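Now for the letters of each chain:
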Amino acid sequence: MTGRVHNFNPGPAALPLPVLEQVQCDLLDFAGTGMSILEMSHRSPTYEHIHDQTIADLRALLGGTEEHALLFMGGGAQMQFALVALNLLLPGAYADYLVTGVWSETALEEARKIGDARVLWSSATTVHTRIPMPGEFHVNPEAAYLHYTSNNTIVGTQYTYVPVSRDVPLVCDMSSDLLSRPIDLSQHSLIYAGAQKNLGPAGVTVAIIRRDLLERCRPDLPSTMSYVHMAAHNSLLNTPPVFAIYIVGLVAQHLLAQGGLAAAAARNREKAALLYATLDSSAGFYRGWAQPESRSGMNVTFRLPTPELETRFVVESTHAGLIGLAGHRTVGGIRASLYNAVSMEAVRALVEFMEDFQQRYA
Ligand code: PMP
C-alpha cells in the first residue's frame, strides 16, 4: 500500500490497515444487503447483529462477563466527565479524584459543576510528571466513588497498577489505553473511553459499568444521560453511532485474531521500550517528560534542548512522513502516540529519524 504515512497522531489516530480495507470493501453493499451500514436502520436485524457481536467481542477481549453492562454512548469522554457525576454524585455525597493531568483536572472541574468533587491526590506540584505510587493516598470510605485517569494522553504518564479503592466504587477514564493491555475488570465499577485511540473512530464512547453500581445511580435523569436507561435498552434507546460501532467491532475482531490483549500489550511494550531507550541513550539531547517509573506506554513525551529545535523537529519529521509528533498545544514539546495500530516499523522509522536529527543538530 503506497501513500500511507507513519501516523503518531494522539487521537483520532491510526487504525489497522486490514480494518480500513474491510470498511472499504463493505461500504457500498454490506453483506449482500445492497446498502451501506451508513444507510441502514439501527433496528434492522443486520445492524442489531453487528451491535451485539461488537459487545460480545469487546467482552471476549476484556475478559468480561454479564456482571458488567457494556454501553455505547455519544458525547465523547468529556460527556462522561459530567455523566459520572450526574449519575453517581447524589446530593449530600462527595467524590474523590486522583488528578494526574489535564484530563483528570477537567473531569474534576466538570464534576464540580454537579456536586462535591474533591482532590484526593494531585501531581500538579510536579507539573504532572508522575502518577502516585501505591500508599501515597488513602481513599475515604464514605466517598461516592474514586476517579482516576489510567493514561494521561497529554503529559505521557500511565498507571502500572490499579488504585486500591476498597469498597468505594472505582471509576476510570481509560480513553487512551483501553484495549492496549489486559485489565482487571473486577476491580472497576465503571470504565469509560472515547473510541478514537485504540478502539476505533471518534463518535462513540464505550462505558462499562458494573450492574450493582447501576442500582446506586440517580434514577430520575433524562434517559440518554442515564446509565440505567442506556443499559436497560442495550444502548439502543435512541439511534446509536452505527458506523463507529461497526468499526469498533472490526477492530475488536482484528485484535482477537492477533492474540488478544496480552499479545497487544507485548507489542506495545516493545515499541515503547525502543523509543524510551532512544531518549535515554541520547546524552540528554532528548529529555523524557515523565519520571521513569510513571512513563506511558501509549504517549511518549519528550523535550529537545530549545523550542526552536522542537519546531524544526516537527517540520522535518513531517517531511519524512512521520505525522502527528507535535506535543499538545498546552504543554508543547514532542509526543509520539504508540497506540495498537502503530507498527514497530513506524517506531523504527521514528528512531532512525531521531538519531539522524541528533547527529545534525546536537
Ligand atoms: N480523557 C482522555 C484521557 C483523553 O485522552 C481525552 C481526549 N484526548 C479525553 C478524555 C477527551 O475526550 P473526548 O474528546 O472524546 O471528549
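Anything mentioned here points back to the structure above.
Residues numbered from 1 in each chain as written. Predicted model: local features only at pLDDT ≥ 70, side-chain atom pairs only at ≥ 80, totals over all residues. Heavy atoms only, no water.

A few words now on the site of the ligand. Around the ligand, the structure places 13 residues, and the nearest of them are Gln-78, Thr-153, Asp-173, Gln-196 and Lys-197. Between the ligand and Gln-78 there is a distance of 2.9 Å, counted from an oxygen atom to a backbone nitrogen or oxygen. Measuring from a nitrogen atom of the ligand, one finds a side-chain N or O atom of Lys-197 at 2.8 Å. Protein burial of the ligand: of its 390 Å² of free accessible surface, 85% is covered by the chains. With 4 residues, helix α3 (residues 76-88) is the single largest residue contributor to the shell around the ligand. Its residues placed into classes, the shell around the ligand shows 3 nonpolar, 8 polar and 2 charged. (Near = heavy atom within 4 Å. Polar contact = N/O pair within 3.5 Å; in protein donor to acceptor, adjacent residues only side chain to side chain. Areas by Shrake-Rupley, 256 points an atom, 1.4 Å probe, with all protein chains shown as cover. Helix = DSSP H or I, 4+ residues; strand = E, 2+ residues; numbered from the N terminus. Nonpolar A, V, L, I, M, F, W, Y, C, P; charged D, E, K, R; others polar.)

A sheet is described by the order of its strands in space; here 3 strands give the open sequence β11-β12-β14, paired in antiparallel fashion. Pairing within the sheet leaves two strands with one partner each, and these edge strands are β11 (287-288) and β14 (334-337). Here 4 bridges tie strand β12 (residues 299-303) to β14, and the two strands are oriented antiparallel to one another. When the sheet's bridge partners are listed, Asn-299 is paired in β14 with Ser-337. Where helix α8 (residues 260-280) meets the sheet, its contacts fall on β11, β12 and β14, and the angle it forms with β12 comes to roughly 10 degrees. (Pairing = 2+ DSSP bridges. Contact = heavy atoms within 4.5 Å. Axes fitted to C-alpha atoms, helices over the stretch in contact; angles between N-to-C directions.)

So, about the packing of helix α1 (residues 17-26) against helix α7 (residues 242-257). As a packed pair, α1 and α7 sit with axes 10 Å apart at the nearest point and diverge in direction by 135 degrees. Considering the angle they form, α1 stands oblique to α7. For α1 against α7, the interelement crossing comes out right-handed. Contact residues: α1 offers Pro-18, Val-19, Gln-22, Val-23 and Asp-26, while α7 offers Phe-243, Tyr-246, Ile-247, Leu-250, Val-251 and His-254. In terms of residue class, the contact of α1 with α7 is made up of 8 nonpolar, 2 polar and 1 charged. (Parallel < 35°, antiparallel > 145°, perpendicular 65-115°, else oblique. Left-handed = near helix turned anticlockwise from the far one by under 90°.)

A few words now on the sheet that holds strand β4 (residues 116-122). Ordered by their spatial adjacency, 7 strands build an open sheet running β2-β10-β9-β8-β5-β3-β4, and the pairing between neighbours is mixed. Two strands in the sheet have a free side with no partner beyond their single neighbour: β2 (68-73) and β4. Recorded for the sheet is a direction-independent mean angle of 20 degrees between the axes of neighbouring strands. Sheet topology note: the strand β5 (residues 146-149)/strand β8 (residues 170-173) ladder contains 4 bridges and is parallel. Within β8, the residue paired with Tyr-148 across the bridge is Cys-172. Packing of helix α2 (residues 45-62) onto the sheet brings it into contact with β2 and β10 (205-210), and relative to β2 it is tilted by some 125 degrees. In the packing of α3 onto the sheet, the strands contacted are β2, β3 (94-99), β8, β9 (190-194) and β10, and the crossing angle to β9 comes to about 155 degrees.

With omega at -5 degrees, the peptide bond leading from Gly-11 into Pro-12 counts as cis. Within the element layout of this structure, Pro-12 appears in the loop between β1 (6-7) and α1. With a phi close to 60 degrees, Ser-235 is a non-glycine residue in the positive phi region. Inspection of the secondary structure puts Ser-235 in the loop between α6 (227-232) and α7.

With that settled, consider the pattern of salt bridges. Under the definition given, this model contains 13 salt bridges. Between Arg-130 and Glu-136 there is a salt bridge whose closest N-O contact spans 2.8 Å. One salt bridge in this structure joins Asp-177 and Arg-181, with 3.1 Å as the shortest N-O distance. Shared partners join several salt bridges into a network, and the residues in it are Arg-59, Glu-66 and Arg-211. (Salt bridge = Lys/Arg side-chain N within 4 Å of Asp/Glu carboxyl O.)

With that settled, the discussion passes to a nonpolar patch on the surface. Where nonpolar side chains cluster on the molecular surface, the patch consists of Leu-27, Leu-28 and Leu-38 and spans about 320 Å² of accessible area. Here Leu-28 shows up in the loop between α1 and α2. According to the relative accessible area criterion, Leu-28 is exposed, its value standing at 72%. (Patch = residues over 30% accessible without salt bridge, like charges linked within 9 Å, V, L, I, M, F, W, Y side chains within 5 Å. Buried < 20%, exposed > 50% of the residue type's maximum accessible area, 1.4 Å probe, protein only.)

Another point: the packing of aromatic side chains. Any aromatic ring pair is given by two values, namely how distant the centres are and how the planes are angled relative to each other. In total, this model carries 16 aromatic pairs according to the counting rule given. Pairing Phe-81 with Trp-103 gives two aromatic rings, centres 6.4 Å apart and planes at 45 degrees, and the pair type is tilted. Here Phe-81, found in helix α3, pairs with Trp-103, found in helix α4 (residues 102-112); they are 22 residues apart in sequence, far enough to count as distant. You can call Trp-103 partly exposed: its relative accessible area is 29%. (Phe/Tyr/Trp six-rings, centres within 6.5 Å; stacked < 30°, edge-to-face > 60°.)

The subject of this paragraph is α2. In this model α2 runs 26 Å from its N-terminal to its C-terminal C-alpha over 18 residues, within 8% of the 26 Å that 1.5 Å per residue would give. Within α2, the full set of buried residues consists of Tyr-47, Ile-50, His-51, Thr-54, Ile-55, Asp-57, Leu-58, Arg-59, Leu-61 and Leu-62. Each element contacted by the buried residues of α2 is listed here: β2, β10, α5 (211-214), α7 and α8. Within two residues after α2, Gly-63 carries a phi angle of roughly 70 degrees, on the positive side. (Expected span 1.5 Å × (residues − 1).)

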